[in-house]
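Topology and contacts: notes
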Amino acid sequence: MNKIICKKQFSEKVFSFDIEAPLIAKSRKAGNFVIIRVDNNSERMPLTIADSNIENGTIKLVVQKVGLSSTKLCNLNEGDSIADVVGPLGNPTHIENFGTVICAGGGVGVAPMLPIIRALKKAGNRVLSVLAGRNRDLIIMEDEVRASSDETIIMTDDGSYGEKGVVTVGIEKLIKQENIDKVFAIGPPIMMKFCCMLTQKYNISTDVSLNTIMVDGTGMCGACRLTIGGKTKFVCIDGPEFDGALVDWDEMFKRMGTFKNAEKEEMEHYAEHLSSTNESVCEPCKTNNDIHNDVTESIESLTDRNSNWRLELRKGMKPKERTSIERVMMPELDAEYRAKTRLEEVNIGLTKEMAVLESHRCLDCAKPSCVEGCPVSINIPSFIKNIERENFLGAAKVLKSTSALPAVCGRVCPQEKQCESKCVHLKMGEKAVAIGYLERFAADYERESGMATVPEMDPLNGIKVAVVGSGPSGLSFAGDMAKMGFDVYVFEALHEIGGVLKYGIPEFRLPNKIVDVEIENLKKMGVHFQTDCIIGKTISVKDLEDKNFKGIFVGSGAGLPNFMDIPGENALNIMSSNEYLTRINLMDAANPRTDTPINIGKHVIVVGGGNTAMDSCRTAKRLGADVTLVYRRSEAEMPARLEEVKHAKEEGINFLTLHNPKEYIADENGAVKAATLDVMKLGEPDQSGRCRPETTGQTITLECDQVIVAVGVSPNPLVPKSIEGLELGRKNTIVVDDNMKSSRNNIYAGGDIVRGGATVILAMGDGRRAAANMAKELKG
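Once that is clear, we can look at unusual backbone geometry. As a rule of thumb, non-glycine residues mostly have phi less than zero, and peptide bonds are mostly trans rather than cis. The amide bond that connects Gly 87 to the next residue, Pro 88, takes the cis arrangement and shows omega of 0 degrees. Considering the arrangement of structural elements, one finds Pro 88 in strand S6 (residues 84-89). Between Gly 239 and Pro 240 the backbone carries a cis peptide bond, its omega angle lying at 15 degrees. Relative to the elements of secondary structure, Pro 240 occurs in the loop between helix H7 (235-238) and strand S15 (241-243). In this model, Asp 565 sits at a positive phi of 55 degrees, which is unusual for a non-glycine residue.

Quick look at the structure:
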C-alpha cells in the first residue's frame, strides 16, 4: 500500500505523485486533503488531493520542496512507498450552480483547484480560471485546467508566459469583463489575502482553502486553529475552506511561522534525518519459575475461593497478622534524576519479595468489596492470592481473563478512587491493599518471563464485528469479543495503535513497549488492526455493513481539545495539551533525529489540574523548562491522582493554585510573552461537589514563552456525525442505553465518546459491558 505509481516533475522544486490508496481514491471529493508520513521518523504533513483514479486506486498529490518533510517526499521515486497516507480529511468544497465563477490558483495551488474547477463545471457553472506563478516554470496543470474551463488566463510575475502581473490583475480583468457570482482562490496565504481584498471591493463572495500546521488532521490536537469571523475554528474539521473575508490573515501568517526556526535547523541537518532511529527492542528476560508458577492450571482452579490451596493460604496466617503488615512503598527513580530523563519510567515496580509480602495483606474476603469498585470486574482476591502462593503466571492469567490491558491499568488507573477505595482495610483505619501495584507486578512478571499466554478462547463463530478507535474502550471491547469467538477488526485513524495510551500518556508514566505488548497479545487472540483508516471518511458505516460486519462498537474517544476562549489565546506557542503531548509522545518531536518540530519553552505555564496537566508540566520539566502549573481551584480540588501531584512537586513543578488565565500577551512576532491571571477564591460547591472558583477582582502577570492548555476535551464530532440516524447528546456524545447500545440497532459505543471524558478503566468497563451485550444479541 501507499506505493508511488507515477512521479512527474513540473519544475525544479514541484513534483506530482500518483500514490496507491484505493479507499481514499474511492471516497475523496473536491476540497479533501490527506495527511501523509513519509517514513517512520517523519512528521504528519497535510496535502490536498489534486485528483484520483478509482479504477487504478490512486490519488494524485502535487508537492513543492519547502521544508524537511516535503523534500524527503520529493526525493522518493516510482516504486517507493510512503509510510502512511490517511484521509480523505476536511469538508469537501460546497458545489452548486452559482452562475459564473472565477477559480484562481497560484503556484501549486492550481493542483487542489483542479478538482474544484471540474466539479463546478459539472454543476453547470461558467468557469473562468486564472493560473499564476512567478515565472513560466511555476505554471502547472495548464492543459487539465483549460479542458474544464470556459476561459483561462495565465499570469506570471516576470511576464515570461501569458500576461505579466500578479493573480489579482487577472481576476480583476475578468470581473470587469462580465458579472461574477463567486470566486475561489487557492495558493500562498498572501495571494489569497490579496484576492479577498480585491473581491471585497466588488462585493463578491470568495472561498479560500487554508493549508495550516497540523499534527493529526482529525481535530484532536488543535494545532490548526485560526480565528474565522471572530471565532476560533479548527481548519481540519471546520474547513479547510472558509469565506476569505472572515479569515484573520495576520494571525494566520504568524501561526504559519510557528516552527520556522525549528524547521530551518532541521534542514541544516537533513542527512541525519534520512537515517532511521535505532529503536531498542525489549527482549523478554527469562525468569526462573518455581514449581508453584503453573500457567497450565485452569482458570476455575485459579479463582476457586474454596480450593485446597486457597484454604491453606487463609489458614496460614491470622487476619490480625495480615493487617499488621505495613503497606508496601513503590520504588521510584530519584526525583532530581528522573526530572531530566523523558523515557525512563518513574515507578520502578515491586520486587518479587515486596509483591509476595503485600499480597499477604489481602484478607481474601468472602464478599470482596474491592471487586465492586473495579469497572472491569477483575477477580482481585484471586489474582492476589496467586501472588501470595508465588504462582505469578497464574495471577496474570486471572487478570487477563477479564482485563485486556492489565499492565496498563496497573500503571495509570486511579485505584485509590476505585478498587482500593473499597478495601476493607480502610474500615479498620489501615491503608488499602496496593492492588494497582500488584496488578502491575503480575502483568510485568508474565511479560518478562517469556511465557505469556492468551486467555481461554471460545470456538470461532464466523461473525464479524468492527471497532472504531483503538483506545482503552476499543481494545477492551475487542479482547472480550475475540474471547467469545468473534472475528474482530479494529480501525484506527492514527498511524499507531493505542489511542490516548500512545499519544496522551508520557513514556515516564506508561512506556510504549508496555502498550505494544498488550496489543500484541490481542493480535495473538486473532484481533485484526488497520491503521490510517477513519470511519466516516476513509470508509463509512454503510461500507462496513456491506462487508457483512454485524456489529460496530464506537470508541473514538474525546479528542477535541477545549480552549478557554480568552483574548490572546491563539498566540504562537500556546497549544493544547493534546498537541503538545502528541508531538512529544507519538511523534517523538524532542528527539533531534525525528522530523516533527517542537518549540522548547524555557518558562512554561500549564493550565489545568488533571492528570493531563500533570503529564504536560512534567514533560516540559524534562525538556528543561521552568514550569508553573496554574489551577483555578485549590490543590484539594485537583482531579489529578495524588501520586501524580506528589511526583510533580518532587520534580520541581511550581504550583500556583487559585489563579486562572484572563488574557495572554504576545510580543511583536505574535508569540506569547506573558499571561494575565485572575486571582480566585472558592465559593459554594458546584454540581461536581467541588467549591466553585470565583474571581476576586485582583490580577497578576506572569512572564512565559509557552503555554499548554489542559482544561479538558470534548468528543470529536467527526465519527458520530458521519453515522446517519445516530442520536447525539451534549457536545456530540453518543447516547446509549444501559447496555451501551446506541439508537442504531447494530451500533454500540463506550468510553469518552459517550462519557465526554473519563479514565482509562471506566472506558474499559464500557467496552466490556458493550461486548457482553452485543455478543448476547448477535448470538441470539
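Read on, since the account is not over.
Moving on, we get to the pattern of salt bridges. If you walk through the whole model with that rule in mind, you get 53 salt bridges. We note a salt bridge from Asp 39 to Lys 72, for which the minimum N-O separation is 2.9 Å. Of this pair, Asp 39 sits in the loop between strand S3 (33-37) and strand S4 (45-53) while Lys 72 sits in helix H2 (residues 68-74), placing them 33 residues apart in sequence. The class of Lys 72 is buried, set by a relative accessible area of 4%. In this structure, the salt-bridge partner of Glu 545 is Arg 744, at a minimum N-O distance of 2.8 Å. One end of the pair, Glu 545, is in helix H25 (residues 541-546); the other, Arg 744, is in the loop between strand S29 (713-714) and strand S30 (747-749), with 199 residues separating them in the sequence.

The contact between helix H12 (residues 308-316) and helix H17 (residues 380-388) brings their axes to 11 Å, and the two run at 75 degrees. It follows from the interaxial angle that H12 and H17 lie roughly perpendicular. Residues Trp 309, Arg 310 and Leu 313 of H12 lie in contact with H17, whose contacting residues are Pro 381, Ser 382, Lys 385, Asn 386 and Glu 388.

Counting 146 residues, the largest nonpolar core has Leu 210, Phe 383, Val 488 and Val 554 as its most contacted members. Sequence-distant contacts of Leu 210, defined by excluding residues within four places in its chain, comprise Met 192, Leu 226, Ile 228, Val 235, Pro 240, Phe 242, Val 247, Trp 249 and Met 252.

This part takes up the packing of aromatic side chains. Applying the stated criterion across every chain, the model contains nine aromatic pairs. Consider the rings of Phe 392 and Phe 441, whose centres lie 5.1 Å apart with planes at 90 degrees: the pair is edge-to-face. Remark: Phe 441 occurs in helix H21 (residues 435-449) and Phe 392 occurs in helix H18 (residues 392-400); sequence separation between them is 49 residues. Its relative accessible area of 1% is what places Phe 392 among the buried residues.

Turning next to empty space enclosed by the protein. Taken as a whole and assessed by the stated rule, the structure comprises five cavities of 30 Å³ or more. As a volume, the largest cavity reaches approximately 130 Å³. For the largest cavity, the lining is made up of 15 residues, of which Ile 213, Ala 223, Arg 255, Thr 258 and Glu 579 are closest to its centre. Broken down by secondary-structure element, the contributors of at least two residues to the lining of the largest cavity are strand S13 (225-228), helix H8 (249-256) and strand S21 (574-576). Lining the second largest cavity are 14 residues, and of these Cys 374, Ile 378, Gln 415, Cys 419 and Glu 439 sit closest to its centre. Contributing elements (two or more residues each) for the lining of the second largest cavity: H17 and H21. Its residues placed into classes, the lining of the second largest cavity shows 10 nonpolar, three polar and one charged.

A cluster of nonpolar residues, Ile 190, Phe 194 and Met 197, forms a patch on the protein surface that exposes about 280 Å² of accessible area. With respect to the element layout, Ile 190 can be found in helix H6 (residues 189-201). Classification of Ile 190 as partly exposed rests on a relative accessible area of 45%.

Bringing the side chain of Thr 619 into the picture now. Looking at where Thr 619 falls in the secondary structure, it is placed in helix H27 (residues 611-622). Taking relative accessible area as the criterion, Thr 619 reaches 1% and is therefore assigned buried. Setting aside residues up to four positions removed in sequence, Thr 619 forms contacts with Pro 506, Phe 508, Tyr 580, Leu 581 and Ile 584.

It helps to recall that an α-helix has 3.6 residues per turn; residues three or four apart then point in one direction. Taken residue by residue, helix H15 (residues 352-359) has Ala 355, Val 356, Glu 358 and Ser 359 as its buried positions. For H15, the angular spread of buried residues about the axis comes to 165 degrees, placing them on one side. Where H15 is buried, its residues touch H17, H18 and H21.

Conventions used here
- Numbers given for residues are sequential positions, taken from 1 along each chain in its written order.
- Per-residue local features are limited, in this predicted model, to residues with pLDDT of at least 70; the limit for side-chain atom pairs, both in listing and counting, is 80 or more; totals at the level of whole chains, interfaces and linings are taken over all residues.
- The side-chain figures draw on all heavy atoms in the structure; neither hydrogens nor water molecules are used.
- Numbering of helices and strands runs from the N terminus, with a helix taken as a DSSP run of H or I at least four residues long and a strand as a DSSP run of E at least two residues long.
- In the sections that follow, a salt bridge refers to a side-chain nitrogen of Lys or Arg positioned within 4 Å of a carboxyl oxygen of Asp or Glu.
- The buried label goes to any residue with under 20% of its type's maximum accessible area, the exposed label to any with over 50%, and the partly exposed label to all in between, with areas taken from a 1.4 Å probe on protein chains only.
- Axis lines are fitted to C-alpha atoms, over the contacting stretch for helices. Their N-to-C directions set the angle, which ranges from 0 to 180 degrees.
- Angles are sorted into four bins: roughly parallel if under 35 degrees, roughly antiparallel if over 145, roughly perpendicular if 65 to 115, and oblique for all others.
- Contacts between residues were defined by any pair of non-hydrogen atoms, one from each residue, lying within 4.5 Å.
- In this description, a nonpolar core means a group of buried Ala, Val, Leu, Ile, Met, Phe, Trp, Tyr and Cys residues linked to one another through side-chain atoms lying within 4.5 Å.
- Note on aromatic pairs: the rings of Phe, Tyr and Trp (six-membered ring only in Trp) are paired at centre separations within 6.5 Å, and the planes decide the class, stacked below 30 degrees, edge-to-face beyond 60, tilted for the rest.
- The way it works is a 1 Å grid over only the protein atoms, where trapped points that fit a 1.4 Å probe form a cavity and open points with protein on both sides within 12 Å along at least five of seven lines form a pocket, and then any residue with an atom within 4 Å of a point lines it.
- Grid points are joined across faces, edges and corners, and a volume is the space filled by probe spheres set on the points.
- Note that Gly is not counted as nonpolar here; it falls among the polar residues with everything else outside the nonpolar set of Ala, Val, Leu, Ile, Met, Phe, Trp, Tyr, Cys and Pro and the charged set of Asp, Glu, Lys and Arg.
- Think of a patch as exposed residues, more than 30% relative accessible area, with no salt bridge, where like charges cluster within 9 Å and nonpolar side chains (Val, Leu, Ile, Met, Phe, Trp, Tyr) cluster within 5 Å.
- Areas reported here follow the Shrake-Rupley algorithm with a probe of radius 1.4 Å; residue values treat only the protein chains shown as occluding.
- Of all possible arcs, the one meant is that of the directions from the helix axis to the C-beta atoms.

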